[in-house]
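# Commentary on secondary and tertiary structure
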Amino acid sequence: MNRFRFLTAGESHGQALTAIIEGIPAGLELSESDIAAELRRRQRGYGRGGRMKIEKDRATILSGVRYGKTLASPIALLIENRDWLNWVNKMSVEPVAEAVEKLQMPRPGHADFAGMIKYRHDDLRNILERSSARETAVRVAVGAVARRFLSEFGIHIYGHVTRIGGIDSSRSALSLLSGPADQKFERLQNWRRLMDSVEACPVACADPVAAQQMVSAIDEAQIRGDSLGGAFEIVALNVPVGLGSHVHWDRRLDGLIGWAMLSINAMKGVEIGIGDQVSQLPGSRVHDEIFYNKTNGYHRLSNHAGGIEGGMSNGEPIIVRVIMKPLPTLASPLQSVDAVTLEPKSAFRERSDVCAVPAAVVVAEAMLAITLADSLMEKLGGDSIAEMQERFKELPHVPLGW
Ligand code: EPS
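So, here's what we can say about the structure.

## As for the side chain of Asp353
- Here Asp353 lies in the loop between strand 18 (344-346) and helix 11 (357-380).
- With a relative accessible area of 14%, Asp353 lands in the buried category.
- In terms of polar contacts, Asp353 uses its side chain to reach the side chain of Arg48, at 3.0 Å.
- A polar contact is formed between the side chain of Asp353 and the backbone nitrogen of Gly49, at a distance of 2.7 Å.
- Filtering out sequence-adjacent residues up to four positions away, Asp353 remains in contact with Gly47, Arg48, Gly49 and Leu327.

So this is what it looks like as structure tokens:
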């Protein structure tokens, strides 16, 4: 990431989360309410624990914006942790007089074990506070700025849950957004309707029957003291041809997207387009044939490639499938070892979520937005939105209309 750069800081139960973004051009309209809307979406989802009842995430813009428009200077964001008030001693920056209980039974599947050994900590809280997915709140705030930037160029990002536990949604962008060019408009209308329904669904799923079963599966997991993972699709519409490049490994758009997705806590796999199916099908059924006519220009009847060929966007919708593991904090904990006595013990348990797949969708949307914003900035160059928009108009616009 060369053009859109950001750093985050903050512990889960510390005072606040912060981010500094560098590289946003001048003249982009940006308000705290743009960010608030995305933060609210991330806090949704059936299966979340008690923490989400405490937090009402809201980002304050501390710099880089004047009279509602970006200045091109770094943008600093701050999200206060409401729960911090309950953790003032346990998370004090200064040493405290009272003895605070140390956590010493690492949870299998968590950063606890490797982190404690790597950093030579004798209290797992020193690891878990930063490895917590709480950090993703501020990434969503950063992503909201990227989305605001992309929307100036008509690029929009959507996400929906396709699996929780063993239950699969029957909806997939791969089929919903592919087909004859003259039916694009209808497909797009249908897609938008489905995505509206996702916003109203407690598990962010576009298939109401599967959604009901997912809710029941989460209830059952909760009763067992267990957790559930899943999978989801992230889709970007109206991405112009030529983001990313085939010329070098670290410029390939699919590689950058894969990295961005796997950088999110608990993500274990990323597929582009039909993903794993390419390993089973012959080339003649994998690759998307190319057509041309005067009305529609270049077009395809399928999008198995998920909008990326040779490490570059090809003008079709970008379709990414992400796989998430079940969270490792279990109410019925797995076997572990006491790191002080080396005796067998159950892993420690804390308040946690049974399932965070619907929230993870919003984080992945943010990471895709950041990745595409960076690639678009690289493609366009320029210091202001006005300058970038002039250059955008000159790009070869294979008819998109997505
Ligand atoms: C998390 C554990 C839970 C989650 C948290 C991620 O927090 P707590 O330990 O305070 O109950 O709720 O997610 C968030 C706080 C959030 O904002 O998404 C973990 O260990 O990763």
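## Section: empty space enclosed by the protein
- Counted according to the given criterion, the structure contains two cavities of 30 Å³ or more.
- What the second largest cavity holds in volume is close to 40 Å³.
- Surrounding the second largest cavity, Arg107, Pro108, Pro328, Leu330, Pro333, Leu334, Ala347 and Phe348 form its lining.
- Within the lining of the second largest cavity, the residues separate by chemical class into seven nonpolar, no polar and one charged.

## What to know about the pairing of strand 7 (residues 75-80)
- Note that strand 2 (residues 16-22) and strand 7 share six bridges and pair antiparallel. Bridge pairing in strand 7 places Ala19 opposite Leu77.

Rules and cut-offs
Each chain has its residues counted from 1, following the order in which its sequence is written. Where totals are concerned, whole chains, interfaces and linings use all residues; where local detail is concerned, this predicted model gives features only for residues with pLDDT of at least 70, and gives and counts side-chain atom pairs only at 80 or more. Side-chain calculation: all heavy atoms of the structure are included, whereas hydrogens and water are not. Counting from the N terminus, the helices are DSSP H or I runs at least four residues long and the strands are E runs at least two residues long. The buried label applies to any residue whose accessible area, calculated with a 1.4 Å probe on protein chains only, is under 20% of its type's maximum; exposed applies above 50%, and partly exposed to all values in between. Whenever two N or O atoms come within 3.5 Å, that pair is a polar contact, provided that in protein one can donate a hydrogen and the other can accept it, and provided that, for residues adjacent in sequence, both atoms are side-chain atoms. By definition in these notes, contact holds between two residues if any of their heavy atoms fall within 4.5 Å. Both site types are read off a 1 Å grid over the protein atoms alone. A 1.4 Å probe that fits but cannot get out defines a cavity, while an open set with protein on both sides within 12 Å along at least five of seven lines defines a pocket; lining residues have an atom within 4 Å of a point. Grid points are joined across faces, edges and corners, and a volume is the space filled by probe spheres set on the points. Think of it as three bins: nonpolar holds Ala, Val, Leu, Ile, Met, Phe, Trp, Tyr, Cys and Pro, charged holds Asp, Glu, Lys and Arg, and polar takes everything else, Gly as well. By this definition, two strands are paired if DSSP reports at least two bridges between them.

In short, shape yes, function no, at least from these values alone.
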